[in-house]
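A closer look at the structure
Each chain, letter by letter, is given below.
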Amino acid sequence: MTVTYTFDVFSSLDGFGSYSGGDWGGYWGKQGPELLDHRLAQYGAEQRMVFGANTYREFLQLLGPGAQGSDVADPWVARMRSLPTTVVSSTLEEPLDWPGDAHVVRGDAIDVVARLKRESAVPLRSHGSLSMNRALMAANLVDRVQVTIFPVITGQTGSAPIFPGAADFDLELIEHRTLDGRIQELVYRPTLHV
Ligand SMILES: NC(=O)c1ccc[n+]([C@@H]2O[C@H](COP(=O)([O-])OP(=O)(O)OC[C@H]3O[C@@H](n4cnc5c(N)ncnc54)[C@H](OP(=O)(O)O)[C@@H]3O)[C@@H](O)[C@H]2O)c1
């Protein structure tokens, strides 16, 4: 028996996971109450977070002591930070400055997540952690790709493209919803296209 691993990622319509420059703000400025409630409900379930080192470092900068930003105080983010967390890294050192039970695990995420999937009593979820999740998808370890598409195109300011250099996949749509009349959440089961 293995538990489910979900790669949860926010995206512009043109496939960017972030932006540089511009004045978009968190969620590209398109969040609404339905999205925030839905996120809180999803993160309310018992689960373990898995982050790549760079995403952890970025969260620490955005959410750590003294951080300011529109999305910092959102209840789902507080809930995410309170969940048990594994950060896969050979460069970060403990103790981690994180409110939940968070630990660094050394090694390749492919081995770490394969083991966690066998041993964890609760489902696994990763937010962001783009290069780590691309590697996990190529290794067939990602069961669900949950893409939340915000209604923006960021041809000028987009950064952190989500799937550059990824393997090829067929996607089975297993859930979809529209939130706040403008945001699409799509949940797919990926299968390597061979
Ligand atoms: N759109 C969204 O939902 C969202 C959310 C959060 C963040 N982000 C974006 O995501 C980006 C950060 O992601 P990232 O791709 O730079 O890094 P990442 O995936 O967060 O972290 C990469 C690090 O994870 C560790 N790792 C262990 N095994 C790995 C493997 N098999 N493959 C890859 N990494 C492995 C390595 O750490 P060591 O070098 O320490 O060993 C590696 O350097 C930022 O641009 C951020 O803005 C997007």
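Summarised in this report is the structure supplied together with it. This structure is a prediction, so every number in the text was calculated from the model and none was measured.

With an omega of 0 degrees, the peptide bond between Glu94 and Pro95 qualifies as cis. Mapped onto the elements of the fold, Pro95 is located in the loop between strand S4 (85-88) and strand S5 (102-105). For Trp28, which is not glycine, the phi torsion reads 55 degrees and is therefore positive. Tracing the sequence through the fold places Trp28 in the loop between strand S2 (16-19) and helix H1 (33-44). Positive phi, normally seen in glycine, also occurs at Asn140, with a value near 70 degrees.

Closest axis-to-axis distance for the H1/helix H3 (residues 75-82) pair is 8 Å, and the angle between their directions is 15 degrees. Relative to H3, the element H1 lies roughly parallel. Two packed elements cross with a definite hand, and for H1 against H3 that hand is left-handed. Side by side, H1 and H3 meet where Leu36, Arg39, Leu40, Tyr43 and Gly44 of the first sit next to Pro75, Trp76, Arg79 and Met80 of the second.

Around the ligand, the structure places 25 residues, and the nearest of them are Gly17, Gly52, Asn54, Thr55 and Gly128. When residues of the shell around the ligand are traced back to their parent elements, those giving at least two are strand S1 (5-12), S2, helix H2 (53-63), helix H4 (109-119) and helix H5 (130-138).

Taken as a whole, H5 has its buried residues at Leu130, Met132, Asn133, Ala135 and Leu136. Phi turns positive one or two residues past the end of H5, at Asn140, with a value near 70 degrees.

Read from one edge to the other, the open sheet built from eight strands follows the order S5-S4-S3-S6-S1-S7-S10-S9, with strand pairing classed as mixed. Each having just a single partner strand, S5 and strand S9 (169-179) make up the two edges of the open sheet. Sheet twist, expressed as the average angle between the axes of neighbouring strands with direction ignored, equals 25 degrees. Against the sheet, H4 contacts S1, strand S3 (48-52), S4, S5 and strand S6 (124-127), and its axis sits at roughly 155 degrees relative to S4.

Here H4 crosses H5 at 65 degrees, and the two axes come no closer than 9 Å. As summarised for this structure, H4 and H5 are arranged roughly perpendicular, according to the angle between their axes. For the pair H4 and H5, the sense of crossing is right-handed. Seen from H4, the contacting residues are Ala109, Ile110 and Val113; seen from H5, they are Met132, Ala135 and Leu136. Per-class residue counts for the contact of H4 with H5 are six nonpolar, no polar and no charged.

Cut-offs used in this document
- Residues numbered from 1 in each chain as written.
- Predicted model: local features only at pLDDT ≥ 70, side-chain atom pairs only at ≥ 80, totals over all residues.
- Helix = DSSP H or I, 4+ residues; strand = E, 2+ residues; numbered from the N terminus.
- Axes fitted to C-alpha atoms, helices over the stretch in contact; angles between N-to-C directions.
- Parallel < 35°, antiparallel > 145°, perpendicular 65-115°, else oblique.
- Left-handed = near helix turned anticlockwise from the far one by under 90°.
- Contact = placed C-beta atoms within 7 Å.
- Near = placed C-beta within 6 Å.
- Buried ≥ 20, exposed ≤ 12 C-beta atoms within 10 Å, placed from the backbone.
- Pairing = 2+ DSSP bridges.
- Nonpolar A, V, L, I, M, F, W, Y, C, P; charged D, E, K, R; others polar.

Scope: geometric values only; no functional claims are made or implied.
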